[in-house]
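Fold and contact review
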Amino acid sequence: MDSIFGLQGSDFVIVACDGSIAHSILKIKETEDKILKLDDHKIFGISGEGADRNSFGELVHKNHCLIRYKTGGYMNLKETAHFVRSMYAQAIRSRDGPHQCNGLLGGVDQDGTPSLYWLDYLGSLQKITRGAQGYANYFLLGLLDNQYKPNLTKEEGIEIIRKCIKELQTRFLIAQNKFIVKIVTKQGIEVFTI
Amino acid sequence: MIDFDPSTFGLAHTYQKEDKDEINTLALPSAPQVIYRTLNGPTQINGGNKLNNFKHGTTTLGFVFKEGILLAVDSRASMGSFLSSEQVRKVIEINEYLLGTMAGGAADCQYWLAYLANHCRTYELKNGSKLSVAAASKFLQGILIGYRNSGLSMGCMIAGTDLSGQHLYYIDNDGMRLKGDIFSVGSGSTYAYGVLDNHYRFDLSVNEAVELAIRAIYHATHRDTASGGVVRVYHIHQNGWTKVHDGIDVVDLHYKFAQEKGLVGDGDEAKQRLF
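A brief structural summary. (Residues numbered from 1 in each chain as written. Chains lettered and ligands numbered in written order. Predicted model: local features only at pLDDT ≥ 70, side-chain atom pairs only at ≥ 80, totals over all residues. Heavy atoms only, no water.)

Here's the deal with the interface of chain A and chain B
In this assembly, 14 residues from chain A lie in contact with 19 residues from chain B. Overall, the association of chain A and chain B removes approximately 1,400 Å² of surface from exposure, summing both partners, and the carbon and sulfur fraction of that is 62%. Our count for the contact surface shared by chain A and chain B stands at 2 salt bridges. Between R148(B) and D52(A) there is a salt bridge, with the nearest N and O atoms lying 3.1 Å from each other. Applying the counting rule to chain A against chain B returns 4 residue pairs in polar contact (both at pLDDT 80 or more). For the side of chain A that touches chain B, the secondary structure elements donating two or more residues are strand 3 (21-23), strand 4 (26-29) and helix 1 (50-71) of chain A. Counting residues per element, the side of chain A that touches chain B draws most heavily on helix 1 of chain A, at 6 residues. Looking at the side of chain A that touches chain B, its residues break down into 5 nonpolar, 5 polar and 4 charged. (Contact = heavy atoms within 4.5 Å. Buried area = accessible area lost by both parts, 1.4 Å probe. Salt bridge = Lys/Arg side-chain N within 4 Å of Asp/Glu carboxyl O. Polar contact = N/O pair within 3.5 Å; in protein donor to acceptor, adjacent residues only side chain to side chain. Helix = DSSP H or I, 4+ residues; strand = E, 2+ residues; numbered from the N terminus. Nonpolar A, V, L, I, M, F, W, Y, C, P; charged D, E, K, R; others polar.)

And the structure:
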């Protein structure tokens, strides 16, 4: 039931998530941060039930650190996205089955190019400019397609995200009150809650 | 004579008998209804209704406030409609600075929290410093992720104190670990949340917090059949934990709270006079 959505602008990427964790009819927590910070310029929003979101996130984060340590270098967005995809793909026919979570990986490269990738639990990977995971797709893709235009400024991007949140709060059956929004620019990651 | 047509051996076919005098049918027993009996909680037929499947038949709660953390639990264990005990200890004293609450399978909680206690002590001896609450809860999460599909049933809270303060974590058998300020776990948790969410403030004093915790557990035990017995309250502060109340009978609390409102406590306030 998680809502993860995001869009890419001229020099930034935004990924937003709802904060609620629910168990059948009970909302256990409302302020859970589902967007993982991989490094100073990459964020990975993960949607999934129970432990999968947490454990896959940790797996990606630590392996990402390990590769950077081993290669002594920096992984750009394209490399990271393909790496995460391969982690999903390796698990598909494993003993424990696929990792039951989907993700939205966004960030800005060292030269300032932003990119946003849509990742699926079976290892699908697609570079997108706007998108969502989970039920949010049904409510937000129309709105995101309608509002998106190339070379958005940061303020316009934030405004579109606010509209998306308002749409979810109006039309989605599940009450999602708190959203965490993370924006990656060349200067770093800004976080705020709406 | 039985007709040995191969198609009659298929399970999907009902055996058509021409001659009613011959008793040659192979009666296959129908699959028995699966009845799950849990130590705490109502009996579930065929897995139960998923939406209301609060299989942890208990009420436990914990919240963080300015003076530390307060944990409060009930003490009832039920097997279906039979009350097996009214004096269960659902707060497990892991060590002098960590407490765990029990919900779900009693054996699972007791065993794995004892295992965690062992691990904490070994770490302390090897490394010369105590394990942090975050690390202890993460260790337990790792174990539960490994046993994910094995049918463990645990919805426990780990609360403790370390150098960075007092912390409360919720961990369950799915391997979920959440850090938070207010948690309530068990079949009575929804009732306790109602009271807790309404009166909780971070700047409660210790006495106010204890009063709030007791009230929340009482209200849960009043409405939830799988919760009851006595209320036990623990306070975690920077020097470890203190057992504030070892067992306040919820029946006494019922009459006490009713008296505060000027009522008798027999539920007659809604009764209409007939004459």
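Topic: the packing of aromatic side chains
Residue and element names in this part refer to chain B. Applying the stated criterion across every chain, the model contains 16 aromatic pairs over all chains. Between the aromatic rings of F63 and F65, the centroid separation amounts to 5.9 Å while the plane-to-plane angle is 55°, which identifies the pairing as tilted. In this pair, the class of F63 matches that of F65, namely buried. Where Y218 meets F257, the ring centres are 5.2 Å apart and the plane angle is 65°; that geometry is what we call edge-to-face. Taken together, the positions of Y218 in helix 4 (residues 206-223) and F257 in helix 5 (residues 250-260) put the pair 39 residues apart, joining distant regions of the chain. Like Y218, the residue F257 is buried in the burial classification. In textbook terms, an aromatic cluster arises when at least three aromatic residues are bridged by ring pairs, as seen for Y111, W112, Y115, F139 and Y147. Lying across the ring of Y169, K179 places its NZ or CZ 5.7 Å from the centre. (Phe/Tyr/Trp six-rings, centres within 6.5 Å; stacked < 30°, edge-to-face > 60°. Buried < 20%, exposed > 50% of the residue type's maximum accessible area, 1.4 Å probe, protein only. Lys NZ or Arg CZ within 6 Å of the ring centre and 35° of its normal.)

Quick word on the pairing of strand 10 (residues 165-172) of chain B
Residues and elements named next belong to chain B. With 7 of its 8 residues buried, strand 10 lies for the most part within the structure. As paired elements, strand 9 (residues 155-162) and strand 10 share 8 bridges and run antiparallel to each other. By the bridge assignment for strand 10, D162 is matched with G165. Connecting the antiparallel pair strand 9 and strand 10 is a turn made up of 2 residues. (Pairing = 2+ DSSP bridges.)

Points about the nonpolar core
Residues and elements named next belong to chain B. Counting 46 residues, the largest nonpolar core has L61, F63, L70, L168 and F183 as the members making the most contacts within it. Looking at this core, the element that brings in the most residues is helix 4, giving 9 residues. Counting residues in each nonpolar core, the second largest holds 24 residues, with L113, A117, L152 and I158 among its members. (Core = buried A, V, L, I, M, F, W, Y, C linked by side-chain atoms within 4.5 Å.)

Description of the pattern of salt bridges
All names here are of chain A. Per the counting criterion, the structure on display carries 27 salt bridges over all chains. The salt bridge involving K178 is made with E30; its shortest N-O contact spans 3.8 Å. Of this pair, K178 sits in the loop between helix 4 (154-171) and strand 11 (179-185) while E30 sits in the loop between strand 4 and strand 5 (35-39), placing them 148 residues apart in sequence. On the basis of relative accessibility, which here comes to 39%, the residue K178 falls in the partly exposed class.

Considerations on the environment of G19(A)
Residues and elements named next belong to chain A. By the secondary structure assignment, G19 is in the loop between strand 2 (13-18) and strand 3. As a C-alpha pair, G19 and R85 span 66 residues in sequence and 25 Å in three-dimensional space. If sequence neighbours within four positions are ignored, G19 has contacts with K29, E30, T31, E32, K34 and K178.

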